[in-house]
Amino acid sequence: MQFTTTSVFFVLLAVLSTAWSTVALPVLQARDVFDPPITSPKAGDVFTAGQTITVTWDTSSIPAGTPNEGELVLGRLEANSENLDIDHPLATGFLLTDGYHEITFPYNLTTASNYILDLFGDSGNISPTFTINAVGY
């Protein structure tokens, strides 16, 4: 009986398939994802670089077991990308259940009407676009 490379390959494939089918894979648990809508800032709001504002979000549907701490990150919507400045969050470690947090925009921002805020915790959620004017604008 003569074995070809192809037949050896298929025998080996059958052996490995059988071995892998007996490996127990972990069962993933269903999780609730909390994606709180940001209620402020609103579309069209206008702010100034260096200004302190209160960001608010809806907490009415927080599921049990949602992570407690959040993070707010500034970004700019351009070319279907959020362009988030994740290396410089505006706020971290606040409670998502509070529904609000104060932030101060950096002083070095340029004037643009496509700024967004992203609220991270259990899941990221972005605000509508708003304007930030540069200092002295």
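Anyway, here's the lowdown on the structure attached to this text. (Residues numbered from 1 in each chain as written. Predicted model: local features only at pLDDT ≥ 70, side-chain atom pairs only at ≥ 80, totals over all residues. Heavy atoms only, no water.)

1. Topic: the pattern of salt bridges
- In the structure shown here, the tally under the stated rule is 1 salt bridge.
- The residue E78 makes a salt bridge to R76 at a minimum N-O spacing of 3.8 Å.
- Classification of E78 by relative accessible area gives partly exposed; the value is 39%.
- For R76, a relative accessible area of 23% corresponds to the partly exposed category. (Salt bridge = Lys/Arg side-chain N within 4 Å of Asp/Glu carboxyl O. Buried < 20%, exposed > 50% of the residue type's maximum accessible area, 1.4 Å probe, protein only.)

2. A few points about the sheet that holds strand β1 (residues 38-40)
- The 3 strands are arranged β1-β3-β6 in an open sheet whose pairing can be described as antiparallel. On the outer flanks of this sheet lie β1 and β6 (100-104), each paired with one strand and no other. Each strand axis lies, on average, 35° off the axis of its neighbour in the sheet, ignoring direction. (Pairing = 2+ DSSP bridges. Helix = DSSP H or I, 4+ residues; strand = E, 2+ residues; numbered from the N terminus. Axes fitted to C-alpha atoms, helices over the stretch in contact; angles between N-to-C directions.)

3. Digging into the nonpolar core
- Counting 21 residues, the largest nonpolar core has V55, L72, L74, I103, F105, F130 and I132 as its most contacted members.
- Only β3 (52-57), β4 (69-76), β5 (91-95), β7 (112-120) and β9 (130-133) provide two or more residues apiece to this core.
- Among the elements that make up this core, the one with the highest residue count is β7 (4 residues).
- Leave out the neighbours within four places in its chain, and L74 touches N83, L84, D85, L90, F105, P106, L109, Y115, I116, L117, F130 and I132. (Core = buried A, V, L, I, M, F, W, Y, C linked by side-chain atoms within 4.5 Å. Contact = heavy atoms within 4.5 Å.)

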